[in-house]
Amino acid sequence: MRMVDVIAKKRDGEELSEEEIQFFISGLTSGDIPDYQAAALLMAVYIQGMNEQETIALTKAMLYSGDTVDLSAIAGIKVDKHSTGGVGDKTTIVLAPLVAAAGAPVAKMTGSGLGHTGGTMDKLRSFANINMELSREEFINNVQRIGIAVSGQSAKLVPADKKLYALRDVTSTIGNIPLIAASIMSKKLASGSDAIVLDVKTGSGAFMESEEGAFQLAKEMVKIGEGMKRQTVAVISQMAQPLGRAVGNTLEVKEALETLNGRGPADLLELCLELGSHMLVLSNIVPDAASARTLLKQKIQSGEALAKLKEMIKYQGGNPDQVDDISSLPHTSNSRNLVSSSDGYVSQLDARTVGIASMLLGAGRKTKEDKIDLAAGIYLHKKIGEAIQEGEVLATLYATDTSKFDEAIATLQTAYRISSDPVTGQQLILGAVRK
Ligand code: URA
C-alpha cells in the first residue's frame with residue numbers, strides 16, 4: 001500500500017477501507033509516514049469528510065496505537081466524563097469529588113490546556129506538590145482505597161492522537177467532526193472506563209462552534225461509544241461565554257472550592273449536577289436523574305464532596321489544608337480593572353476572546369513548551385444579561401508579569417458588547433444525546 005494513493009482516494013471523495021486507515025495510523029505512529037503526507041490526508045478528510053464506518057475504523061486504529069488501561073481491578077461501574085474543551089471550565093474539579101462522594105468510582109485521566117482552552121492538570125497543580133503524574137499502580141490503588149484519582153494521561157496512551165492533534169493544530173484541521181470524534185473517543189476508550197459522559201460544548205469558546213455541529217459531533221461520539229459496548233451519553237452545553245466567573249488556573253480552583261462549599265456560580269453548579277446525574281445513573285448508584293440530583297446536592301451540603309477533594313489531594317501528595325486556606329494558593333497582588341464606558345446590559349462576552357486574553361496574561365500556553373503563571377487570569381464581574389453602569393468594573397485581570405496587562409486588557413475589551421436594551425441570560429444546557 002502507498003500513502004500517496006490513500007491521499008488521492010480521499011482527495012477524490014472516496015471511502016477509505018479499514019486497512020487503509022490502519023495503514024495510515026500505524027505508519028504515522030511508527031514514523032514511517034512523514035508529517036507532510038499525514039497533513040495532506042488530514043486536509044483531504046477535513047474537506048471530504050468521513051462516513052460512520054471510516055470514523056469508527058479511525059477511532060479503533062488510534063485506540064490501539066498504544067497502551068490501553070485495564071480498570072477491572074476496581075469494583076463497580078467506572079464512568080468517565082470528558083469535556084470537548086472550553087473557557088473557565090473547572091467542572092472536573094467539582095464533579096470528580098462530588099460523584100466520588102456519592103459512591104461512584106472516579107478514575108479520571110486528564111490533560112493540559114492549549115491555546116484559548118484550559119486543562120484540569122494545570123489547574124490542580126495550584127495545590128503545592130500534588131502529583132498529577134501517578135503511575136498506573138498508584139492511580140488504580142487510589143481509586144480502590146478512596147474512590148478517586150485524577151491524573152495526567154500517560155504518553156503511551158493513544159500516541160497517534162498526540163501526533164495527529166499537533167498536526168491538526170498547525171494545519172487548520174481541528175474543527176472537523178470525524179477527526180474530533182475519533183480523537184476524543186480513542187482516548188476515552190483507551191482509558192478503560194465502562195461508561196462515558198461527554199460534555200460537548202458549543203459557541204465561540206468551543207472547537208465545534210455551531211449548535212448543529214455540536215449535536216452532530218455528540219451523535220457521532222455516542223455511536224462510537226455504544227458501538228464499542230460502552231454506555232455513552234452526551235450533554236450539549238453553551239460555551240458562547242465562559243463557564244462561571246473565574247478564568248485562569250488558581251482562580252478557577254478557588255471558584256471550584258466555592259462551588260463545593262455551596263457558594264458557587266449557578267451555571268457551574270447546574271452543569272455539574274447535570275453531568276453528575278448522568279454519571280450516577282450510568283454507574284447504577286441511583287435509578288434516575290431526579291434522585292441523582294438530590295444525592296449530589298446532599299453531598300455538597302454535608303461537606304462530603306469537599307472532604308473527598310481533600311482526601312484526593314492528600315493521596316496525591318499535596319497538602320489538603322490548602323483547601324481551607326486559599327491564601328496559601330498561588331496568587332498575585334498585580335491586577336487591573338476593565339471598566340465599562342457606558343450604561344446598559346452585557347449582550348456579548350465572547351468566550352474565545354476571554355480565553356485568549358487570559359492566555360496573554362500568562363494563564364495559558366501558545367505552544368506546549370510555554371510555562372504558565374498559575375495566578376494569572378480574569379474574574380468576570382459581569383456576564384451576559386447583567387446590568388452595568390458607566391465606570392463600573394466589568395472584569396478584573398491578574399498577572400504576575402505586569403507587562404502583560406496592556407495587550408490582555410485591549411483584547412478583553414473586544415470580548416464585551418454592551419446593549420442599551422435588556423438582554424436575557426443564556427440557556428446553559430441545550431440538550432442531551434443518547435442511544
Ligand atoms: N479535544 C480532543 O481531545 N480532541 C479534539 O480533536 C478536540 C478536542
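Before going into details, it helps to say that this report is about the structure given with it. (Residues numbered from 1 in each chain as written. Predicted model: local features only at pLDDT ≥ 70, side-chain atom pairs only at ≥ 80, totals over all residues. Heavy atoms only, no water.)

1. Observations concerning the site of the ligand
Move 1: Close to the ligand lie T84, Y165, R168, I180, S183, I184, K187 and F207.
Move 2: R168 places a polar side-chain atom, nitrogen or oxygen, 2.9 Å from an oxygen atom of the ligand.
Move 3: S183 has a polar side-chain atom sitting 2.7 Å from a nitrogen atom of the ligand.
Move 4: In isolation the ligand exposes 240 Å². Once the protein is present, 92% of that is buried.
Move 5: Listing elements by their share of the shell around the ligand, those giving two or more residues are α8 (159–171) and α9 (177–190).
Move 6: Per element, the largest residue contribution to the shell around the ligand is four residues, and it comes from α9.
Move 7: Looking at the shell around the ligand residue by residue, the classes come out as four nonpolar, two polar and two charged. (Near = heavy atom within 4 Å. Polar contact = N/O pair within 3.5 Å; in protein donor to acceptor, adjacent residues only side chain to side chain. Areas by Shrake-Rupley, 256 points an atom, 1.4 Å probe, with all protein chains shown as cover. Helix = DSSP H or I, 4+ residues; strand = E, 2+ residues; numbered from the N terminus. Nonpolar A, V, L, I, M, F, W, Y, C, P; charged D, E, K, R; others polar.)

2. Thoughts on the sheet that holds strand β6 (residues 246–247)
Move 1: Strand order in this open sheet of four strands is β6-β9-β11-β7, and the pairing throughout is antiparallel. The sheet is open, and its two edges are formed by β6 and β7 (335–339), each paired on a single side.
Move 2: Bridge count between strand β9 (residues 377–380) and strand β11 (residues 393–398): four bridges; the pairing is antiparallel. Along β11, the bridge assignment pairs I378 with L397.
Move 3: Here helix α15 (residues 351–360) sits on the sheet and contacts β6 and β9; the angle it forms with β9, its principal contact strand, is near 135°. (Pairing = 2+ DSSP bridges. Contact = heavy atoms within 4.5 Å. Axes fitted to C-alpha atoms, helices over the stretch in contact; angles between N-to-C directions.)

3. A word on the layout of surface pockets
Move 1: When its volume is computed, the second largest pocket comes out at roughly 250 Å³.
Move 2: A breakdown of the residues in the lining of the second largest pocket according to their chemical character gives six nonpolar, four polar and four charged.
Move 3: Both domains that furnish three or more residues to the lining of the second largest pocket are identified here as domain 2 (79–323) and domain 3 (330–419). (1 Å grid on protein atoms, 1.4 Å probe; cavity = no way out; pocket = protein on both sides within 12 Å on 5 of 7 lines; lining within 4 Å. Points joined across faces, edges and corners; volume = space filled by probe spheres on them. Domains from an automatic or database assignment.)

Worth remembering: the numbers are spatial, not functional.
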